[in-house]
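Observations on chain architecture
Each chain, written out:
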Amino acid sequence: MRFDIITIFPEIFSSVFDFGIVRRAVEAKLIEINIHDLRDYTHDRHRQVDDRPFGGGAGMVMKPEPLFRAVEAVTSDSPDASVALLSPQGRLFDQDLAREYSLKARVVLICGRYEGVDERVVEHLITDEVSVGDFVLSGGEIPAMVVVDAVTRLIPGALGCEQSAERESFVGGLLDYPQYTRPAAYRGMNVPGVLLSGNHAEIERWRWRKSIEQTLRRRPDLITARELSADQRQEMEEILKDIDEERAE
Ligand code: 9D3
């Protein structure tokens, strides 16, 4: 899988991609990340990538020519690449989109800056417009890092232990259960006994229950969107009852 990132701040990416899972995936040749300086695709002396908006108004707009040239240069050998513009108007990035991208051979990420991008780029150059959440950032660079990180974790082999990937997909869509490590007793705060019992079936049940409970309390929207087995649905009903009773107390 190859990422091409088009940006006016190419240096910004080293801090994030030079560490951890992404770095390991690059070293293992599971992914390739090419960073392109948008200014290298300008033809004028000032290497200008933005200009004033037609119709007036505050702020600057990214010019179409450098973006068209940059994307055409990096996709000339792969016409079926996804070309994603990171922008506040985009589809919300989620695990489903991360999974889609992880199956592609080539993903181009264009980092927006200024007030936005000339609409001809949106209409005729990009295939996807992607946002990472309903908050205002200064540009698409941090969102591009988010996308690369989330997608890389889904490339087979990137996490090292395949058990982690399996676990992520198994509990996928639910919040994590609470975790504990040593010491078993600390300042009078004790680790739940079931986790010390060595009874793995009981431990699995406890964790599943806590995941569901946590998700129902904090992110009920995640449960409604999810497919559950009959057993799981039954258990969820019981947990819901317990939570209602606790509320009533
Ligand atoms: C929506 C705010 N706009 C109102 C006029 C101005 C504006 C603010 C910030 C336009 C662009 C930006 C830069 N943000 C991104 O490029 C961006 C982003 C974001 O701000 N939030 C979440 N995801 C993303 S992806 C790219």
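Summarised in this report is the structure supplied together with it. (Residues numbered from 1 in each chain as written. Predicted model: local features only at pLDDT ≥ 70, side-chain atom pairs only at ≥ 80, totals over all residues. Heavy atoms only, no water.)

We now examine the site of the ligand. Around the ligand, the structure places 17 residues, and the nearest of them are Val-132, Gly-133, Phe-135, Leu-137 and Gly-139. Leu-137 places a polar main-chain atom, nitrogen or oxygen, 2.8 Å from an oxygen atom of the ligand. The contact in question runs from an oxygen atom of the ligand to an N or O atom on the backbone of Gly-140, over 3.5 Å. Considered on its own, the ligand offers 570 Å² of accessible surface; in the complex 74% of this is hidden by protein. Mapped onto the shell around the ligand, the elements with two or more residues apiece are strand E5 (82-92) and strand E8 (128-131). Sort the elements by how many residues they give to the shell around the ligand and E5 lands first, with 3 residues. For the shell around the ligand, a count of residues per class yields 9 nonpolar, 7 polar and 1 charged. (Near = heavy atom within 4 Å. Polar contact = N/O pair within 3.5 Å; in protein donor to acceptor, adjacent residues only side chain to side chain. Areas by Shrake-Rupley, 256 points an atom, 1.4 Å probe, with all protein chains shown as cover. Helix = DSSP H or I, 4+ residues; strand = E, 2+ residues; numbered from the N terminus. Nonpolar A, V, L, I, M, F, W, Y, C, P; charged D, E, K, R; others polar.)

This next bit is on the packing of helix H4 (residues 95-102) against helix H6 (residues 141-152). The geometry of H4 relative to H6 is characterised by a closest axis approach of 9 Å and an angle of 70 degrees between their N-to-C directions. It follows that H4 is roughly perpendicular to H6 by the angle criterion. Facing H4, whose interface residues are Ala-98, Tyr-101 and Ser-102, H6 presents Val-147, Ala-150 and Val-151. Split into classes, the residues belonging to the contact of H4 with H6 amount to 5 nonpolar, 1 polar and no charged. (Axes fitted to C-alpha atoms, helices over the stretch in contact; angles between N-to-C directions. Parallel < 35°, antiparallel > 145°, perpendicular 65-115°, else oblique. Contact = heavy atoms within 4.5 Å.)

Moving on, we come to the nonpolar core. Ranked by size, the top nonpolar core spans 27 residues in total, and within it Phe-3, Phe-93, Tyr-101 and Leu-109 carry the most contacts. For this core, the elements supplying multiple residues, two or more each, are strand E1 (2-7), helix H2 (20-27), E5, H4, strand E6 (106-111) and H6. At 6 residues, H6 tops the list of elements feeding residues into this core. What Phe-93 contacts, discounting residues up to four positions off in sequence, is Ala-98, Tyr-101, Val-130, Ser-131, Val-132, Val-146, Val-147, Ala-150 and Val-151. Residues Leu-38, Val-49, Ala-70 and Val-108 belong to the second largest nonpolar core, which totals 20 residues. (Core = buried A, V, L, I, M, F, W, Y, C linked by side-chain atoms within 4.5 Å. Buried < 20%, exposed > 50% of the residue type's maximum accessible area, 1.4 Å probe, protein only.)

Okay, the environment of Glu-227 next. By the secondary structure assignment, Glu-227 is in the loop between helix H9 (220-224) and helix H10 (230-248). In this structure the C-alpha to C-alpha distance between Glu-227 and Thr-42, which are 185 residues apart in sequence, comes to 50 Å.

The next thing to look at is the sheet that holds E1. Strand order in the open sheet formed by 5 strands is E2-E1-E6-E5-E8, with parallel pairing between adjacent strands. With one partner strand each, in any of the chains shown, strand E2 (32-37) and E8 form the two edges of the open sheet. Between one strand axis and the next, the sheet turns by 30 degrees as a mean value, whatever way the strands run. When E1 meets E6, the two strands line up parallel, connected through 5 bridges. When the sheet's bridge partners are listed, Arg-2 is paired in E6 with Arg-106. (Pairing = 2+ DSSP bridges.)

Moving on, we come to the pattern of salt bridges. Opposite charge on two side chains makes pairing possible when the charged atoms of those side chains draw close. Inspection of every chain in the model, using the stated rule, returns 12 salt bridges. The closest approach of N and O atoms between Arg-106 and Asp-4, which form a salt bridge, is 3.3 Å. On the criterion of sequence distance, the pair formed by Arg-106 in strand E6 and Asp-4 in strand E1 is long-range, its members being 102 residues apart. The exposure class of Arg-106 is buried, given its relative accessible area of 10%. Classification of Asp-4 as buried rests on a relative accessible area of 0%. (Salt bridge = Lys/Arg side-chain N within 4 Å of Asp/Glu carboxyl O.)

A few words on the pairing of E6. Taking burial as the measure, the 6 residues of E6 include 6 buried ones, the bulk of the element. Where burial is concerned, the two faces of E6 agree: the one with Arg-106, Val-108 and Ile-110 and the one with Val-107, Leu-109 and Cys-111 are both buried. Looking at chain direction, E5 and E6 are connected through 5 bridges and run parallel. Counterpart to Ser-82 in the pairing with E6 is Val-107.

Read these as geometric descriptors, not functional statements.
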